[in-house]
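So you can see what is in the structure, the chains are spelled out below.
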Amino acid sequence: MFGMATQRDLEVMDKFFSEFIQFVTNKSNSFDFNEKSSNSNVNSILNKWAVMASELDRRSKDDMKVMGEIVLTTDKVEQGIYKCRVNAKTGNPMIQTLANTINKMVDVTEKNMNELRSVLKSYTTNDFKPLIDIDPMLKEDLLK
């Protein structure tokens, strides 16, 4: 597989792997390994691994962008601000599903709050004709 790998070739591969482990365990926030071996077969393998590490880095950064927007969006909702949404995208289906679910939650909450505000505004002017439309999906506290 490696041809005649020398001790130095094995050391280069070990260093590559050690730095990669530092990266995937978040002890380093980037992976950029430029050290070369004297063995072209070893260099070919290291180059393939570096391409995979670069893809992992890109996907990880996409995930971090989405998670950052999730934190910002939920913070805004906590403050009563419903105009924000998670816009970043990721290829990670679990994180993207979480982002989509949060966006749907904010959509529904915004709709319910707007309707409540509208009805209460009417009530403050002694107009008791508007009724609160209760979505059959509502449960527990908001239903009450």
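Scroll up for the structure.
To keep things clear, this report deals only with the structure shown in the data block. It should be emphasised that the depicted structure is a prediction, and the values quoted were computed from it without experimental measurement. (Residues numbered from 1 in each chain as written. Predicted model: local features only at pLDDT ≥ 70, side-chain atom pairs only at ≥ 80, totals over all residues. Heavy atoms only, no water.)

**Quick notes on the environment of Glu 11**
- Within the element layout of this structure, Glu 11 appears in helix H1 (residues 7-24).
- Once the C-alpha coordinates of Glu 11 and Glu 115 are considered, the two residues, 104 residues apart in sequence, prove to be 66 Å apart. (Helix = DSSP H or I, 4+ residues; strand = E, 2+ residues; numbered from the N terminus.)

**Some points on the packing of helix H2 (residues 40-78) against helix H3 (residues 93-124)**
- Between H2 and H3, the shortest axis-to-axis distance is 10 Å and the interhelical angle comes to 20°. Classified by the angle their axes make, H2 and H3 are roughly parallel. In this structure, H2 meets H3 at a crossing whose hand is left-handed. Of H3, the residues touching H2 (which contributes Asp 63, Val 66, Met 67, Ile 70, Thr 73, Thr 74 and Val 77) are Ile 95, Leu 98, Ala 99, Ile 102 and Val 106.
- Partitioning the contact of H2 with H3 into residue classes produces 9 nonpolar, 2 polar and 1 charged. (Axes fitted to C-alpha atoms, helices over the stretch in contact; angles between N-to-C directions. Parallel < 35°, antiparallel > 145°, perpendicular 65-115°, else oblique. Left-handed = near helix turned anticlockwise from the far one by under 90°. Contact = heavy atoms within 4.5 Å. Nonpolar A, V, L, I, M, F, W, Y, C, P; charged D, E, K, R; others polar.)

**Observations concerning the environment of Met 13**
- Tracing the sequence through the fold places Met 13 in helix H1.
- By relative accessible area, Met 13 is classed as buried at 9%.
- Along the primary structure Met 13 and Glu 35 are separated by 22 residues, whereas in three dimensions their C-alpha atoms are 9.4 Å apart. (Buried < 20%, exposed > 50% of the residue type's maximum accessible area, 1.4 Å probe, protein only.)

**Overview of the layout of surface pockets**
- In this structure, the largest pocket encloses a volume near 180 Å³.
- If you go around the largest pocket, the residues you meet are Phe 23, Val 24, Asn 26, Ser 28, Asn 29, Leu 56, Asp 57, Ser 60, Lys 61 and Met 64.
- Looking at the lining of the largest pocket element by element, the count peaks at 5 residues for H2. (1 Å grid on protein atoms, 1.4 Å probe; cavity = no way out; pocket = protein on both sides within 12 Å on 5 of 7 lines; lining within 4 Å. Points joined across faces, edges and corners; volume = space filled by probe spheres on them.)

**Let's talk about the side chain of Thr 90**
- As for its placement among the helices and strands, Thr 90 is situated in the loop between H2 and H3.
- Of the polar contacts made by the side chain of Thr 90, one reaches the backbone nitrogen of Asn 92; its length is 3.2 Å.
- Contacts of Thr 90, omitting those with residues within four sequence positions, involve Arg 59, Asp 62, Asp 63, Val 66, Ile 95 and Gln 96. (Polar contact = N/O pair within 3.5 Å; in protein donor to acceptor, adjacent residues only side chain to side chain.)

**A few points about a nonpolar patch on the surface**
- Taken together, the side chains of Phe 17, Ile 21 and Val 24 make up a nonpolar region of the molecular surface, amounting to roughly 240 Å² of accessible area.
- Turning to its location among the elements, Val 24 is positioned in helix H1. (Patch = residues over 30% accessible without salt bridge, like charges linked within 9 Å, V, L, I, M, F, W, Y side chains within 5 Å. Areas by Shrake-Rupley, 256 points an atom, 1.4 Å probe, with all protein chains shown as cover. Salt bridge = Lys/Arg side-chain N within 4 Å of Asp/Glu carboxyl O.)

**Regarding H1**
- An ideal rise of 1.5 Å per residue puts 26 Å on 18 residues; H1 measures up with 26 Å between its terminal C-alpha atoms.
- Buried positions along H1 lie against H2.
- One or two residues past the end of H1 sits Asn 26, with phi positive at roughly 60°. (Expected span 1.5 Å × (residues − 1).)

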